[in-house]
Amino acid sequence: MENQIKIPRSLGNPTHCHRQFTVAKNRNVSSSESVGPTSNRPYISLDCTAFFVATNSLLDGQSSLSMTDTTDDIAEEISFQSFEDDCKLLGSLFNDVLQREVGSDFMEKIERTRVLAQVFASLSLFSKLFCDFSSRSGNVLLRSFRKTTSIDCDRFVLKGNGNSALNLRLAGIEDTAELLETQLTSEISNMSLEEALTLARAFSHFLNLMGIAETHHRVRRVRNLPQLSRSCNDVFSNLLQSGVSPDELYDTVCKQGVEIVLTAHPTQINRRTLQYKHIRMAHLLEYNDRPDLGLEDRETVIEDLVREITSLWQTDELRRQKPTPVDEARAGLNIVEQSLWKAVPHYLRRVSSSLKKLTGKPLPLTCTPIKFGSWMGGDRDGNPNVTAKVTKEVSLMSRWMAIDLYIREIDSLRFELSMNRCSDRLSRLADEILEKEIAAQESWGTNVGRSQPKFPNQQGLSLPTQLPPRADLPLCAECGESQYPKLEVPVTDYIPLSRQDVQGISSDGYGPNLQIKTGNGHSVNSNGCQQSITPRGSSSSSSQLLLQKKLLADSQIGRTSFQKLLEPTPPKRAGIAPYRIVLGEVKEKLLKTRRLLELLLEGLPCEYDPWDYYETSDQLLEPLLLCYESLHASDSGVLADGRLADLIRRVATFGMVLMKLDLRQEAAKHSEALDAITTYLDMGTYSEWDEEKKLEFLTRELKGKRPLVPPNIEVGPEVKEVLDTFRVAAELGSESLGAYVISMASNASDVLAVELLQKDARLAVTGELGRPCPAGTLRVVPLFETVKDLRGAGSVIRKLLSIEWYREHIEKNHTGHQEVMVGYSDSGKDAGRFTAAWELYKAQEDVVAACNEFGIKVTLFHGRGGSIGRGGGPTYLAIQSQPPGSVMGTLRSTEQGEMVQAKFGIPQTAVRQLEIYTTAVLLATLEPPQPPREEKWRSLMEDISNISCQNYRSTVYENPEFLSYFQEATPQAELSFLNIGSRPTRRKSSTGIGHLRAIPWVFAWTQTRFVLPAWLGVGAGLKGVCEKDHADDLQAMYKEWPFFQSTIDLIEMVLAKADIPIAKHYDEQLVSESRRGLGSELRKELLTTEKYVLVISGHEKLSENNRSLKKLIESRLPYLNPMNMLQVEILKRLRRDLDNIKLRDALLITINGIAAGMRNTG
């Protein structure tokens, strides 16, 4: 039965007839003129499908609204037909689930809302299309439209001449779109709270299901393409053809040093439980693609999908408590375990294969162009929850997981390398190991109380006692069988259990299944599963320790005798499976290392013999490389280049910690610590000294050999935390930690202050241990993030390098490399996106020049966010537009929040991203981007930047009404309810924009789809220069200067994401009448920006180069638009009833849904 929505509307002009749009639920009804039931007024009975097809025919090849940053580098690789099929499948199954869960009556309401929104979205796109085009283009499109619908196209009349817009009012399109919006708003406002909550959940899940289908088809399309652009094969070939010699290409790739740093910035909106469910559903979609599936198997897949969707619907979408820093670190380590661990060998094989094919030489086995770092558990800037204790726990947890992953790989290798033929050197080593174990066995008595028995017989070395996981599958199955991790049911969230829940200690065929227990109450067991337990503090009673030891001992009773019955007679000489014997000893050391880490995490005393443990990756690589060389020497190279080579490459990439942990702290905290020290020593107040006096003091102390800080000094808790952090850094060393990043750095003394505190802590720890601290000192990296600090960055580096002690320190301890970090988020919030981009460009040029003056190499560390407003955007484009000479084979870059999951959450997507990083850095090194062709271009950039910055700051910081407008028009204040990160949303308690972090600043505007931080001020700057007759110059700059082109393209991309009607709806419903004028002015500013961006790019409409994203956008709008309207209604209600928990939940669900539809947050 047809469900019609009657929408009468007068077009305002009395000479025009009244019209109605009759929207039919049955979308097979054709479009035709009809007569209304109560009068002779004409109706349009609009068939939705016909209208959408007609609109699509106009938009195809013309429109592309890039609403996602996560598909940046490979958006063009989506197969739309398969994507649409999967969307229909998932949508149909979800409808079936909803029918059972909410009933048919509410399903009709959901469908009614969706159809209204879909027509509204199509009309809006249609209107926008004609407003953007010249009259000539409009006529061409109208002729096309006439062929696909019976809507009266002759009512479209050209207004003016040349490039004037079409007069849409005569055709009623704009009025009808407004009417549909009013109808949708009215229906949503009349919903009860329970109905609104259910509708929000339903549309949010629809958007997430589309995201699952999109992710799956990105993987499928990449896998099926014979030749990918920007791949190693593609870029290596092009470089050779352009004149780069094979030797130069090979050496540059081998020397490349890229580090991707995963951060815990709070932009990942989805709970980890839901992320895992989404991955499982993507895996089921992949399985459903198999052509060999029979009817019964396909039905099973559908049943599994229904179960997953049902589970999804019945699972709470919201985090009920904030994650701790350890929780955030664990999430990052899960990305390594589930995806990067599989992706890295595959990526390195791809690089090696391309090099061998094109240069004749493969990538050296221990060479890895990309490594990984982390800020999770180390970034304490403005986050009091990240303490020295947390940093130590996270570092040890990372080491534990690395060891555990290596143990699993060694198990598989021992099963695989069963051959006897080996080199003499390996044979001798195996003989020595076997003799040592036989001697140990003779003196070994049964002692069931031992926590880790030696070997009851040498069979423990030579033959695995049980089949390792997936041993029956070939190596290619790790990336070939499925691109998605096979996951066990995850812990839903971090709810502490009682001690009795975790006291039982189970065991497997290799030893006790022990648990890492961290101080905040979480554990990781030896199988890699995360659990939550009550923490054991230093005051744990001896009876509890004895009980645990007794349980561990009891778990061993009877195992030895039982294993003797099951296992074959052990070999008497090393010639039997020598690889298994050598790898058995490797495993034994790994098990001891893992046990040591568990004791350290528990804070328990332990005996330490360096010969029994692996401390460095070189120690682990030594026996593995020996096995590799032996296989090649024994004509078994094909075996060596399989799983063993992959393990060696993993060790070279991940080391003993998976990801080295950076530490980050604000410069002011170090000054406060030095204030306390100098005051205690009656030297005055450090922070009151001028810069020269500070440098003189710091340099003198750095040259000295005595500690500065007295051991009995009494300081406040904040200063103590700073000093404790340096102590932990001294204990862990550079084998576990990466760089020490100083945020808000502005002077050379900021760097030397950290060097002094680091040196003092290392002296103290060395004195206590009676031996040198492990590994070397940490790299100290100044982070320049405000516009003022960016402008002074080069001067700071020159000052530093002019200090003899510092220059010698860099050359001696850091191989002559100076690392400098530039921040994109705070500079953008400070001055606007365009000014920030230009200041970042100039700062990098100046820093590179400063280092070159002193013969020091420089590595630039880019603190890029996920969204364009925080420096995000396509990886390839960003690297290719850097200043010449700033990317000389080395680069560090952050990947934050939801971008970590989007880019690296699935193995094959991760492989693609790693390849893009490698090829982009290679091109920027061997064929650097062009600088501005003439000095005039730099002058024009200065003019645009000055006007843009003035316009931006006059609105954001100088307009007294803006702060109130921002708080009313966006859900910024309510974002704190989300529980998506461990750190506060503000650096300080002030309510102003200045102390608000960049993430909630961008996040709030993204929710309203106004995305103001990415474009505000740009239009004024471009307009000001164009009106001075420089439009031709700007067009030339766009064509010939990669930096300027990428800046304009990114702004164009974000303009296409903006939705003026939706932003206007927020203003009309939420903003005080006295401030609505500000919103109106901002919307005019957006249109001005769009106009001048198109003038410069030469495009007829926005994002003309991103056509393949069009259908992705259109498919989301029917669910995204009502989510925004629903959010507005809930905000209105919540602001009248702040304590209503259900309203708060409903709001958070709309935030989740809009983030899913926009495919990013902040």
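Parameters and conventions
Residues numbered from 1 in each chain as written. Predicted model: local features only at pLDDT ≥ 70, side-chain atom pairs only at ≥ 80, totals over all residues. Heavy atoms only, no water. Helix = DSSP H or I, 4+ residues; strand = E, 2+ residues; numbered from the N terminus. Buried < 20%, exposed > 50% of the residue type's maximum accessible area, 1.4 Å probe, protein only. Contact = heavy atoms within 4.5 Å. Areas by Shrake-Rupley, 256 points an atom, 1.4 Å probe, with all protein chains shown as cover. Axes fitted to C-alpha atoms, helices over the stretch in contact; angles between N-to-C directions. Parallel < 35°, antiparallel > 145°, perpendicular 65-115°, else oblique. Left-handed = near helix turned anticlockwise from the far one by under 90°. Nonpolar A, V, L, I, M, F, W, Y, C, P; charged D, E, K, R; others polar. UniProt positions renumbered as here; feature names shortened; annotations may be inferred. Pairing = 2+ DSSP bridges. pLDDT = per-residue confidence, 0-100. Phe/Tyr/Trp six-rings, centres within 6.5 Å; stacked < 30°, edge-to-face > 60°. Arc of directions from axis to C-beta. Salt bridge = Lys/Arg side-chain N within 4 Å of Asp/Glu carboxyl O. Lys, Arg positive; Asp, Glu negative; His and termini not counted. Core = buried A, V, L, I, M, F, W, Y, C linked by side-chain atoms within 4.5 Å.

Across its full length, the protein chain carries 41 helices and 19 strands. Counting over 1162 residues, the protein chain shows a buried share of 60%. Across the protein chain, every contact between residues at least 6 apart in sequence was considered, and the portion connecting residues at least 24 apart equals 82%. Of the roughly 44600 Å² of accessible surface on the protein chain, 50% is carried by carbon and sulfur atoms.

At a minimum axis distance of 11 Å, the contact between helix α29 (residues 833-853) and helix α37 (residues 1042-1057) shows a crossing angle of 155 degrees. Considering their axes alone, α29 and α37 lie roughly antiparallel with respect to each other. In this structure, α29 meets α37 at a crossing whose hand is right-handed. When α29 is examined against α37, the residues F834, A837, W838 and Y841 are found in contact with a partner set consisting of F1043, F1044, T1047 and I1051. Across the contact of α29 with α37, the residue classes tally to seven nonpolar, one polar and no charged.

All right, on to the UniProt feature "active site" (unreviewed entry) in the protein chain then. UniProt marks H265 and K829 with the feature "active site" (unreviewed entry), using the numbering shown here. Positionally, K829 belongs in helix α28 (residues 825-831). On the basis of relative accessibility, which here comes to 5%, the residue K829 falls in the buried class.

Attention shifts here to the sheet that holds strand β19 (residues 890-896). Read around the barrel, eight strands follow the order β7-β8-β14-β15-β16-β17-β18-β19 and close on themselves; strand pairing throughout is parallel. Direction aside, neighbouring strands of the sheet carry axes that sit 25 degrees apart on average. Of the pairings in the sheet, the one linking strand β14 (residues 660-666) to strand β15 (residues 737-743) comprises five bridges and is parallel in character. Looking across to β15, one finds that L661 is bridged to L737. Taken strand by strand, helix α24 (residues 748-769) contacts β15 and β16 (779-784), and its axis lies near 150 degrees from that of β16.

Turning next to the confidence of the model for the protein chain. On average, residues of the protein chain score 79 in pLDDT, and 73% of them are at 70 or above. Contacts of residues 1-55 to residues separated by more than four positions or lying in other chains number 124 contacts, the stretch itself having pLDDT below 50.

A separate point is the packing of helix α7 (residues 232-241) against helix α11 (residues 325-359). Look at α7 against α11: their axes get within 9 Å of each other, and the N-to-C directions meet at 30 degrees. Between α7 and α11, the interaxial angle falls into the category roughly parallel. Along this stretch, α7 crosses α11, giving a crossing that reads as right-handed. Contact with α7, carried on its side by C232, N233, F236, S237 and L240, involves V351, S354, L355, K357 and L358 of α11 and no other residues of that element. A class-by-class count of the residues in the contact of α7 with α11 yields six nonpolar, three polar and one charged.

Turning to helix α35 (residues 998-1007), a few remarks are in order. The element α35 is largely enclosed, with a buried count of 10 among its 10 residues. The complete set of buried residues in α35 reads A998, I999, P1000, W1001, V1002, F1003, A1004, W1005, T1006 and Q1007. The first or second residue beyond α35 is R1009, which carries a positive phi of 65 degrees.

The next subject is the packing of aromatic side chains. Any aromatic ring pair is given by two values, namely how distant the centres are and how the planes are angled relative to each other. On inspection of all chains with the given rule, the structure shows 31 aromatic pairs. A centroid spacing of 5.5 Å and a plane angle of 55 degrees characterise the contact between W341 and Y406, whose relative ring orientation is tilted. Of this pair, W341 sits in helix α11 while Y406 sits in helix α12 (residues 388-416), and the two are 65 residues apart along the sequence. Classification of W341 by relative accessible area gives buried; the value is 4%.

This brings us to helix α27 (residues 804-813). Within the sequence span of α27, burial applies to W805, Y806, H809 and I810. Seen from one end, α27 has its buried residues packed into an arc of 135 degrees, which puts them on one side. In this fold, the buried residues of α27 make contact with α22 (691-703), α24, β16, α26 (793-801) and β17 (817-823). Taken from the residues just after α27, T815 is the one with a positive phi, measuring 50 degrees.

Counting buried positions along strand β8 (residues 370-374) yields four of five residues, so the element is predominantly enclosed. Bridging between β8 and β14 involves two bridges; their strand directions are parallel. Looking across to β14, one finds that S374 is bridged to L661.

Here the focus is the environment of G1157. Considering the arrangement of structural elements, one finds G1157 in helix α41 (residues 1141-1158). The exposure class assigned to G1157 is buried, which follows from its relative accessible area of 0%. Linking G1157 and F206, residues 951 residues apart in sequence, is a C-alpha distance of 9.2 Å.

Further remarks concern unusual backbone geometry. Of note, D635 is a non-glycine position whose phi angle comes to about 60 degrees, a positive value. The backbone of M744 shows a phi angle near 55 degrees, a positive value even though the residue is not glycine. The topology assignment puts M744 in the loop between β15 and α24. For M744, a relative accessible area of 23% puts it in the partly exposed group.

Attention now moves to the pattern of salt bridges. Summed over all chains, the structure comprises 60 salt bridges. Linking R594 and D404 is a salt bridge whose minimum nitrogen-to-oxygen distance equals 2.6 Å. Of this pair, R594 sits in helix α18 (residues 578-602) while D404 sits in helix α12; the two residues are 190 residues apart in sequence, bridging distant segments of the chain. For the pair R594 and D404, a shared accessibility class is recorded, and that class is buried. For R798, the salt bridge goes to D846, with nearest N and O atoms at 3.0 Å. Of this pair, R798 sits in helix α26 while D846 sits in helix α29, and the two are 48 residues apart along the sequence.

Once that is clear, we can look at the side chain of R399. Tracing the backbone through its elements, the reader meets R399 in helix α12. Within the buried core, R399 has no salt-bridge partner, and the shortest N-O distance to an opposite charge, that of E735, equals 5.5 Å. Excluding residues within four positions of it along the chain, R399 makes contact with L597, Y614, E615, M656, V657 and S736.

Moving on, we come to the nonpolar core. In this structure, Y406 and L658 are the most contacted members of the largest nonpolar core, which totals 157 residues. Take this core: its biggest share by element is 14 residues, from α12. Residue contacts for L658: discarding those within four places in its chain leaves L333, V336, W341, F372, S398, M401, A402 and L405. F83, I944, F966 and I1062 belong to the second-largest nonpolar core, a separate cluster that totals 123 residues.

This part covers the environment of V97. As for its position among the elements, V97 is in helix α2 (residues 80-102). Spatially, the C-alpha atoms of V97 and T310 are 6.3 Å apart, while their sequence positions differ by 213 residues. Discounting residues that sit within four places of it in the chain, V97 has contacts with V306, I309 and T310.

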